[in-house]
Amino acid sequence: MMKLPKLFLFAVALELASCQSPTIAPLADHALLPYPNTVRSGESALNINTIQNLSIDADFSDLGQQIAQEWEMHTTNALEVTEAGNAQLRFSLDDQVDGSEEAYSLEIDKKKIVIKAKAEVGLFRAWQTLKQLITLRQLTPEKDYLPTGVIQDNPVYAYRGTMLDVSRHFFSVDEVKRYIDLIAPYKINYLHLHLSDDQGWRIEIKSWPELTRVGGSTEVGGGEGGFYTQEQYKELVDYAQKQFITLVPEIDMPGHTNAALASYAELNCNGKATDLYTGTEVGFSTLCVEKEVTYQFVEDVIRELSAMTPGPYIHIGGDESHVTPKKDFITFINRVYDIVPKYNKIPIGWDEVQLADMPQPSVAQYWANAENALAAKQKGAKILISPAAYAYLDMKYDSLTVSGLKWAGYVPLEKGYSWNPDALVDGIENADILGVEAPLWSETISNSPEMEYLAFPRLLGYAEIGWTMPSIRQWEAYKKRLAVHGKLLDQKGVNYYKSPAIAWE
Ligand code: ACM
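We now turn to the structure provided with this report. Bear in mind the structure is a predicted one, so any value in this text is a computation, not a measurement.

## A word on the overall build of the protein chain
Reasoning step 1: Each helix and strand counted, the protein chain has 15 helices and 17 strands in total.
Reasoning step 2: In the protein chain, buried positions account for 57% of the 505 residues.
Reasoning step 3: Partitioning the contacts of the protein chain with sequence separation of at least 6, the portion at a separation of at least 24 is 72%.
Reasoning step 4: For the protein chain, the exposed surface amounts to about 20,400 Å²; the carbon and sulfur share of it is 52%.
Reasoning step 5: Each charge sign in the protein chain was given a centre, from 45 positive and 67 negative side chains, and these centres are 4 Å apart.

Listed below in C-alpha cells is the structure:
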C-alpha cells in the first residue's frame, strides 16, 4: 500500500469530521448515571477534537483549569481557557436555569457545548455529566464523537450522601480521598464521617488530647487504630470541597462513647476510666449525663469541630443509648441541642433524638424506627432517609457475601435500588425529606478493597435515588446502565461486587 504522509491523513480525517458525522446512539440511550431528569436527543454528532477552547467566568477560573486538565486526560486534546463567553466549550451562569443551585442545562450541537447553571456547583455537576458521556463514548468505536442534544437536570433531593464509619476500623486520609474520588462522579454531595464510637476516637481535639492519644489507639480486632489531626481533617474538607462534596462530622453521644470514657475518667459517673474496647457489641456505654464536665467536654468538642467544618451540619449521634435512662437521654440531647446552634451549625441525629425537643432547624436520620421518624417530622425536623433494610451499605448482598452484617436482612442490588424515600413512612412526604444517605459501618471491613466491595455498585443506585425522579427510575433500564458502569469501575480499579443479577459487559 502506498504510504501517505501523516499530515495528509490528518487533513482527510478532519475533512470527514466536518462534513459528515458517524451514526451513533442517541444521547438518551447512553448509560448516564444518575440518569438526568430531562434528555432530548439530537440527530447529529460533535467531534470532540474540534473543541479547542473553554470559557468560564473569571470567578471560577480554578474550576475552569480543573475541567481543562480532566478534558485533556479524557480526550488528549488541550483546551485554552478564556473568560470570553463564546468558546466552543462554554460554562456560564444563568438565573433562568430551572431548579436549585445544582441544576444545569447542557446543550451539545455539531459545533459547541453550552453549559448553564445558577451557581458554580451546577456547572460542576454538569461537567460530571459531560465527563461521564465522554468516558462512555470511549467504550465505543466512534469514541471521538458525542451525540447532540439537550439535558436539563435538577436533583430530586438536596442531600445525597454516604457515611463512612472510620471508628470501628480506621481509614487513612488517602483511603478517604479515594472514596471521595469514587463518589463525586455520581453527584453524591455529602460525606458523613462517623468519627467516634466505642472502639475509637478519630479526630484530634486540642483541648482534650487524650481522646486521640488513648481513644484513637485501637480499633475492632485490636489493630492500631489511628486518627486525623486537625490539619489532616481540614485537608479532607478541602479535598472534598473541590469536588463539591461537604463533610458532615459525627460525634456519637451519649452512647457509643467508650473510646472517650476510656480516655478521661471524669466523663464516667463513677470517676473511673473504662478499658479500651475492640469488640463489636453496641449499647453498653454512656457519658455521665449528671456531671457538668460532660457538657464542657461536649461544648469543647463541638466548638473545635465547628471551626474545622465549613458545611452546615454537625451530627450528634444519639442512637442505641441503651444504658442511658430515657429521662437522662432527653436531658442530654436537649443540652447538646442548645450547644450546636451557638456555633452556627445545624444538628443531625439518628432517629432516636426525636425523644428530645427538636430545635429548628434540625435533622433526624431515619435508620430503624418509622415512628421515631414521624415524631421527628411532627416536631418540625427534616428527615434524612437511611433505612437499614434498604440503604445500609454494610448489609451483605446475600448469604455468600464474606464481609458485612445481616441484622437488617440481605440487600441485593434490586432491593437497594427499587424503593422510594417518600413511600417508606406514612406521613413523611418529599417536602419533609432532606435527602438520602447510604451509611457504611466498618465492623467487618478495614481497607479500601473491602470497603469498595460493599459500597459498589450499590452506592450508584442510592446516588440515582437521590438525584433522579422515580418516574424515570426503572430497574430493568438501570441494570443495563449499571452493566456499562462496571467497565468504568474496572478502569478505576474498584473492587466492586459483580452481582449475577447484572449482565456485566
Ligand atoms: C445505627 O445503625 N446504630 C445508627
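## Some thoughts on the pattern of salt bridges
Reasoning step 1: With the rule as written, the count across this model stands at 21 salt bridges.
Reasoning step 2: Two residues, R178 and E452, come together in a salt bridge whose shortest N-O distance is 2.6 Å. Remark: E452 occurs in helix α13 (residues 448–455) and R178 occurs in helix α4 (residues 173–183); sequence separation between them is 274 residues.
Reasoning step 3: Close ionic contact of E505 with K487 constitutes a salt bridge, the shortest N to O distance being 3.7 Å. With E505 in the segment after α15 (475–491) and K487 in helix α15, the pair connects residues that are 18 residues apart, well separated along the chain.
Reasoning step 4: Assessed through its relative accessible area of 57%, E505 is described here as exposed.

## A word on the state of the cysteines
Reasoning step 1: Under the criterion given, the structure shown has one disulfide.
Reasoning step 2: Covalently, C269 is tied to C288 through a disulfide, its sulfur atoms 2.0 Å apart. Judged by the torsion about the S-S bond (90 degrees), the C269/C288 disulfide is right-handed. Of this pair, C269 sits in the loop between α7 (258–263) and α8 (292–307) while C288 is found in the loop between α7 and α8, placing the two residues 19 residues apart along the sequence.
Reasoning step 3: Taking relative accessible area as the criterion, C269 reaches 51% and is therefore assigned exposed.
Reasoning step 4: On the basis of relative accessible area, C288 is assigned to the buried category, the value being 2%.

## Observations concerning the layout of surface pockets
Reasoning step 1: By volume, the largest pocket is sized at about 680 Å³.
Reasoning step 2: H74, K131, D181, P185 and K492 are, among the 24 residues lining the largest pocket, the residues nearest its centre.
Reasoning step 3: Mapped by element, the contributors of at least two residues to the lining of the largest pocket are α2 (61–75), α3 (120–137), α4 and α15.
Reasoning step 4: No other element matches the six residues that α3 contributes to the lining of the largest pocket.
Reasoning step 5: By residue class, the composition of the lining of the largest pocket is nine nonpolar, nine polar and six charged.

## Regarding the environment of L89
Reasoning step 1: Along the polypeptide, L89 turns up in strand β4 (residues 89–93).
Reasoning step 2: It is 4.6 Å that separates the C-alpha atoms of L89 and L54, two residues lying 35 residues apart in sequence.
Reasoning step 3: Those residues within four positions of L89 in sequence are excluded, and the remaining contacts are I51, N53, L54, S55, W71, L79, I113 and L130.

## Overview of the environment of G99
Reasoning step 1: For G99, the position within the fold is in the loop between β4 and β5 (104–108).
Reasoning step 2: Using a relative accessible area of 32% as the deciding quantity, one classes G99 as partly exposed.
Reasoning step 3: It is 39 Å that separates the C-alpha atoms of G99 and K406, two residues lying 307 residues apart in sequence.
Reasoning step 4: Residues in contact with G99, not counting those within four places in the same chain, are K118 and N154.

## Quick word on the side chain of N37
Reasoning step 1: Note on placement: N37 falls in the loop between α1 (6–19) and β1 (38–47).
Reasoning step 2: Judged by its relative accessible area of 11%, N37 falls in the buried class.
Reasoning step 3: At a separation of 2.8 Å, a polar atom in the side chain of N37 contacts the main-chain carbonyl oxygen of N154.
Reasoning step 4: At 2.8 Å, the side chain of N37 forms a polar contact with the backbone nitrogen of M469.
Reasoning step 5: Sequence-distant contacts of N37, defined by excluding residues within four places in its chain, comprise Q152, D153, N154, W467, T468, M469 and I472.

## Some points on the pairing of β5
Reasoning step 1: Counting buried residues in β5 gives four out of five residues, a clear majority hidden from the surface.
Reasoning step 2: As defined by bridge partners, β5 adjoins strand β6 (residues 113–117) across five bridges and the pair is classed as antiparallel. Bridge pairing in β6 links L106 to I115.
Reasoning step 3: Taking the residues between adjacent antiparallel strands as the criterion, β5 and β6 are bridged by four residues.

## Considerations on the sheet that holds strand β8 (residues 159–165)
Reasoning step 1: Spatially, the eight strands close up into a barrel ordered β8-β9-β12-β13-β14-β15-β16-β17, and their pairing is parallel. Looking at each pair of strands side by side, their axes are set apart by 30 degrees on average, direction ignored.
Reasoning step 2: By the bridge criterion, five bridges tie strand β9 (residues 190–194) to strand β12 (residues 246–253) in an arrangement that is parallel. The partner of H192 across the bridge, within β12, is V248.

## Looking at the packing of α3 against α15
Reasoning step 1: At a minimum axis separation of 11 Å, α3 and α15 run at an interaxial angle of 95 degrees. Between α3 and α15, the crossing angle belongs to the class labelled roughly perpendicular. Where α3 approaches α15, its residues Q132, T135 and L136 are matched on the opposing element by V484, H485, L488 and Q491.
Reasoning step 2: When the residues that make up the contact of α3 with α15 are grouped by side-chain class, the tally is three nonpolar, four polar and no charged.

## Quick notes on α15
Reasoning step 1: Spanning 17 residues, α15 covers 24 Å between terminal C-alpha atoms, matching the ideal 24 Å at 1.5 Å per step.
Reasoning step 2: Contacts made by the buried residues of α15 are with α3, α12 (413–417) and α14 (458–467).
Reasoning step 3: The positive-phi residue at the C-terminal boundary of α15 is G493, with phi of around 70 degrees.

## Notes on the packing of aromatic side chains
Two descriptors summarise a pair of aromatic rings, namely the distance from one centre to the other and the angle between the planes of the rings.
Reasoning step 1: Evaluated as defined, the whole model comprises 26 aromatic pairs.
Reasoning step 2: The structure contains a cluster of three or more aromatic residues connected by ring pairs, namely W350, W367, Y392, W407 and W441.
Reasoning step 3: In this structure, R335 packs its charged tip against the face of Y295, placed 3.9 Å from the ring centre.
Reasoning step 4: Across from the ring centre of Y390, 5.2 Å away, lies the NZ or CZ of K415, which sits over that ring.

## A look at empty space enclosed by the protein
Reasoning step 1: Under the defined criterion, the tally for this structure stands at one cavity of 30 Å³ or more.
Reasoning step 2: Taken as a whole, the largest cavity encloses approximately 40 Å³ of empty space.
Reasoning step 3: In this structure, the largest cavity is lined by L413, G416, Y417, P457, R458, G461, Y478 and L482.
Reasoning step 4: Listing elements by their share of the lining of the largest cavity, those giving two or more residues are α12, α14 and α15.
Reasoning step 5: Its residues assigned to classes, the lining of the largest cavity comprises five nonpolar, two polar and one charged.

What counts, and where the lines are drawn
- Residues numbered from 1 in each chain as written.
- Predicted model: local features only at pLDDT ≥ 70, side-chain atom pairs only at ≥ 80, totals over all residues.
- Heavy atoms only, no water.
- Helix = DSSP H or I, 4+ residues; strand = E, 2+ residues; numbered from the N terminus.
- Buried < 20%, exposed > 50% of the residue type's maximum accessible area, 1.4 Å probe, protein only.
- Contact = heavy atoms within 4.5 Å.
- Areas by Shrake-Rupley, 256 points an atom, 1.4 Å probe, with all protein chains shown as cover.
- Lys, Arg positive; Asp, Glu negative; His and termini not counted.
- Charge placed at Lys NZ, Arg CZ, Asp CG, Glu CD.
- Salt bridge = Lys/Arg side-chain N within 4 Å of Asp/Glu carboxyl O.
- Disulfide = S-S within 2.5 Å.
- 1 Å grid on protein atoms, 1.4 Å probe; cavity = no way out; pocket = protein on both sides within 12 Å on 5 of 7 lines; lining within 4 Å.
- Points joined across faces, edges and corners; volume = space filled by probe spheres on them.
- Nonpolar A, V, L, I, M, F, W, Y, C, P; charged D, E, K, R; others polar.
- Polar contact = N/O pair within 3.5 Å; in protein donor to acceptor, adjacent residues only side chain to side chain.
- Pairing = 2+ DSSP bridges.
- Axes fitted to C-alpha atoms, helices over the stretch in contact; angles between N-to-C directions.
- Parallel < 35°, antiparallel > 145°, perpendicular 65-115°, else oblique.
- Expected span 1.5 Å × (residues − 1).
- Phe/Tyr/Trp six-rings, centres within 6.5 Å; stacked < 30°, edge-to-face > 60°.
- Lys NZ or Arg CZ within 6 Å of the ring centre and 35° of its normal.

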